[in-house]
Structures are given as C-alpha cells and as structure tokens.
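Commentary on secondary and tertiary structure
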Amino acid sequence: MTVSNPIQITGTNQDVVWERVVDTIHNYKFAIARENRLDGRIETEYKVGSNFLEPWHGDSVGFDNRLESSLQSIRRRVFISVTPIEGGYLLGVEAFKEIEDVNTQVSTAPGGATFQQDLSLRRDLNLVQEHSNPVGWIPRGRDPALEQDILDSLQLAFSN
C-alpha cells in the first residue's frame, strides 16, 4: 500500500511529535546527525545497508534491496521534515541511496607498496610508495521502498 509523501498527522504538542519521529528513526538503527526543531528538519548519518544476515536492521526494505546490499556496498541517509499545519503536522521523508565506487585500478603486481630500487641517494625517510586513490560513493537517487516503510511506521506511531 502506497502512502502519500508527506503524510498528515494530528497532534498539538510539538515535543511529543518530534520525539515519536526520532524514536521511529532509531527503530531503523539510523543515528541522528542533525536536528533542527526551528526548521523542522532531521538528518541522519549514513548507514551501511543491511544484508540477508542482518534481518534486525530495517533499512534494506524488500528482497531486492537486501540482495543488492548483500552483493554491493550500499549506504543510505534519511531526511525528515516536520512542518506544522492547522490541526497537526506534515511529515515528509526522503531516503537517499549510494553505492560504493570501488577503485578498480589496484596494482596486482607483488610489492606494490615496497621500497623502490631505482632511487638515487635521497633524504626522504618515507620511501614506501602506496596506492592511495580515495574511494567514493555514487548516488543512486531516492529509495522509495525505505521512504514508504518509514511513512507506514510513522502513521502507525501516531495512530495510537
């Protein structure tokens, strides 16, 4: 069942609404990076995608996402907006997914990080040469399955 994004919930106490949203995010094992109640914005830290051996983590929703997280390094980040309206709040969820950009130019020759033999006399004490290309992440866009699952959890949290 698809839920609209953002959802409207009823509530009069902003502190209670905020704490329920944070509790819902913690149920998915996301760590909060920043909270700003004045802007109504919650940002999480990046979380590595859970695989088939980690069913207690809820960030990989569905078989396809679990399989992808098992075969490829995936990380996700969630942004939640809490906007006051008359009679309640609008809760919007944006989940973003990135895959790891694995460096494929790794030297397969033995001794890639050893002393070089062709150097003349140098006073450089750090003679070990290593391959240090930074590993990056490739954005894959939004993760609608995770967004819908979080929205379902938020509706359930506020239906009581």
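Check the entry above for the structure.
1. Observations regarding the environment of arginine 37
Inspection of the secondary structure puts arginine 37 in the loop between strand E2 (32-36) and strand E3 (41-44). A residue is classified by how much of its surface remains accessible, and arginine 37, at 34% relative accessible area, is partly exposed. When the C-alpha positions of arginine 37 and tryptophan 18 are compared, they lie 8.1 Å apart, and in sequence the two are 19 residues distant.

2. Overview of the side chain of lysine 47
On the secondary structure map, lysine 47 appears in strand E4 (residues 47-48). For lysine 47, a relative accessible area of 10% translates into the label buried. If we ignore the near neighbours within four places in the chain, the residues touching lysine 47 are Tyr28, Lys29, Phe30, His57, Asp59, Ile74, Arg75 and Arg76.

3. A few points about the pattern of salt bridges
According to the stated counting rule, one finds 12 salt bridges in the structure shown. Residues aspartate 15 and arginine 37 are paired through a salt bridge, measuring 2.8 Å at the closest nitrogen-oxygen approach. One end of the pair, aspartate 15, is in helix H1 (residues 14-27); the other, arginine 37, is in the loop between E2 and E3, with 22 residues separating them in the sequence. Residue class for aspartate 15 comes out partly exposed when judged on its relative accessible area of 43%. Of the charged contacts, one joins arginine 77 and glutamate 43 as a salt bridge, the two residues approaching to 3.4 Å between their closest N and O atoms. Of the two residues, arginine 77 is situated in strand E5 (residues 74-85) and glutamate 43 in strand E3; the sequence distance between them amounts to 34 residues. With respect to burial, arginine 77 and glutamate 43 carry one shared label: buried.

Rules of the game
Residues numbered from 1 in each chain as written. Predicted model: local features only at pLDDT ≥ 70, side-chain atom pairs only at ≥ 80, totals over all residues. Heavy atoms only, no water. Helix = DSSP H or I, 4+ residues; strand = E, 2+ residues; numbered from the N terminus. Buried < 20%, exposed > 50% of the residue type's maximum accessible area, 1.4 Å probe, protein only. Contact = heavy atoms within 4.5 Å. Salt bridge = Lys/Arg side-chain N within 4 Å of Asp/Glu carboxyl O.

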